[in-house]
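# Survey of secondary and tertiary structure
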Amino acid sequence: DGGITQSPKYLFRKEGQNVTLSCEQNLNHDAMYWYRQDPGQGLRLIYYSQIVNDFQKGDIAEGYSVSREKKESFPLTVTSAQKNPTAFYLCASSIWGNYGYTFGSGTRLTVV
Amino acid sequence: AQSVSQHNHHVILSEAASLELGCNYSYGGTVNLFWYVQYPGQHLQLLLKYFSGDPLVKGIKGFEAEFIKSKFSFNLRKPSVQWSDTAEYFCAVNIFGNEKLTFGTGTRLTIIP
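Residues numbered from 1 in each chain as written. Chains lettered and ligands numbered in written order. Predicted model: local features only at pLDDT ≥ 70, side-chain atom pairs only at ≥ 80, totals over all residues. Heavy atoms only, no water.

### Details of the nonpolar core
With 28 residues, the main nonpolar core has Leu-33, Trp-35, Leu-47, Leu-48, Phe-74, Leu-76 and Tyr-89 of chain B as its most contacted residues. Looking at this core, the elements that each hand over two or more residues are strand 2 (10-14), strand 3 (19-21), strand 5 (31-38), strand 6 (44-50), strand 8 (64-68), strand 9 (73-78), strand 10 (87-95) and strand 12 (107-112) of chain B. (Core = buried A, V, L, I, M, F, W, Y, C linked by side-chain atoms within 4.5 Å. Buried < 20%, exposed > 50% of the residue type's maximum accessible area, 1.4 Å probe, protein only. Helix = DSSP H or I, 4+ residues; strand = E, 2+ residues; numbered from the N terminus.)

Here it is as structure tokens:
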């Protein structure tokens with residue numbers, strides 16, 4: 001089955017540590033996205049990538065970094081500079097020009 | 001930059017009641033509009049989308065939405081809700097030609113059996 005795999009589902013980290021969230025898709029989609037979901041705030045765009053080796057900041061990129069070395073993969077690193085990292089992180093992908101996103105099941109990150 | 005407003009944060013209805021969830025966007029140009037749904041414990045999935053043409057679009061599970069350009073609105077409707085419609089609903093918009101989706105804050109819908 002084609003889809004988006006996010007791992008792990010739950011992640012716990014100590015304050016001050018960097019952590020990388022995985023996102024892999026086998027849909028052959030060009031574009032990939034990272035969103036953060038917080039209660040009452042909806043989904044906010046962190047980073048997105050339209051093609052391999054290229055990515056753009058979204059609305060809340062501070063404290064995050066990404067890479068897009070392969071079409072299938074778009075990992076997100078939550079750095080120690082992110083002031084409030086505890087959240088639910090969603091990865092999505094789309095065919096360029098189609099605009100209909102496919103979402104992964106999300107990673108819930110808790111920083112203690 | 002475009003923005004999306006969903007004024008209903010939590011809606012509680014009885015089964016068989018009619019539903020209308022509000023969505024307004026701010027952008028004067030051509031937009032594409034979407035409604036996504038997140039059932040408890042499940043992925044976000046697309047309910048329906050509007051790109052052009054007939055402003056009344058039908059989606060899955062009996063949902064429909066009407067694009068009213070003069071009101072910058074894209075409200076979601078269902079004539080008779082079921083308990084299984086309990087979920088969180090998100091309106092989203094992107095500017096034509098830009099892949100980036102902007103989401104509203106979501107509306108939590110609770111259906112009482």
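### Here's the deal with the pairing of strand 12 of chain B
All names here are of chain B. Only one face of strand 12 is buried: it carries Thr-107, Leu-109 and Ile-111, and the other face, with Arg-108, Thr-110 and Ile-112, is open. Taken together, the 5 bridges between strand 2 and strand 12 define a ladder with parallel strand orientation. Among the inter-strand pairings, Val-11 is bridged to a residue of strand 12, identified as Leu-109. Relative to strand 12, strand 10 is paired through 3 bridges, and the arrangement is antiparallel. Directly across from Glu-88, in strand 12, lies its bridge partner Arg-108. (Pairing = 2+ DSSP bridges.)

### Quick look at the interface of chain B and chain A
Facing the 19 residues of chain B at the interface are 23 residues of chain A. Surface buried jointly by chain B and chain A totals about 1800 Å² across both partners, of which 55% is contributed by carbon and sulfur atoms. When the buried surface of chain B facing chain A is broken down by residue, His-43, Glu-99 and Lys-100 of chain B rank first, second and third, together holding 37% of it. At the boundary of chain B and chain A, one finds 0 salt bridges. The tally of links between chain B and chain A comes to 5 residue pairs in polar contact (both at pLDDT 80 or more). Those elements that provide at least two residues to the side of chain B that touches chain A are strand 5, strand 6 and strand 10 of chain B. For the side of chain B that touches chain A, the element with the most residues is strand 5 of chain B, which contributes 4 residues. When the residues that make up the side of chain B that touches chain A are grouped by side-chain class, the tally is 7 nonpolar, 8 polar and 4 charged. (Contact = heavy atoms within 4.5 Å. Buried area = accessible area lost by both parts, 1.4 Å probe. Salt bridge = Lys/Arg side-chain N within 4 Å of Asp/Glu carboxyl O. Polar contact = N/O pair within 3.5 Å; in protein donor to acceptor, adjacent residues only side chain to side chain. Nonpolar A, V, L, I, M, F, W, Y, C, P; charged D, E, K, R; others polar.)

### Observations concerning the pattern of salt bridges
Counted under the stated rule, the structure contains 7 salt bridges over all chains. Within this structure, Lys-58, Glu-64, Glu-66 and Arg-77 of chain B form a network of salt bridges that share partners.

### Quick notes on the pairing of strand 5 (residues 42-51) of chain A
Residues and elements named next belong to chain A. Of all 10 residues that make up strand 5, 7 are buried, and the element is covered over most of its length. Between strand 4 (residues 31-38) and strand 5, which follow one another and run antiparallel, lie 3 residues, and Gly-40 among them has a positive phi close to 80 degrees. Direction of pairing for strand 5 relative to strand 6 (residues 54-57): antiparallel, over a ladder of 3 bridges. Counted as the bridge partner of Tyr-47 is Lys-57 from strand 6. Counted along the chain from strand 5 to the antiparallel partner strand 6, the turn is 2 residues long, and its residue Asn-53 has a positive phi close to 65 degrees.

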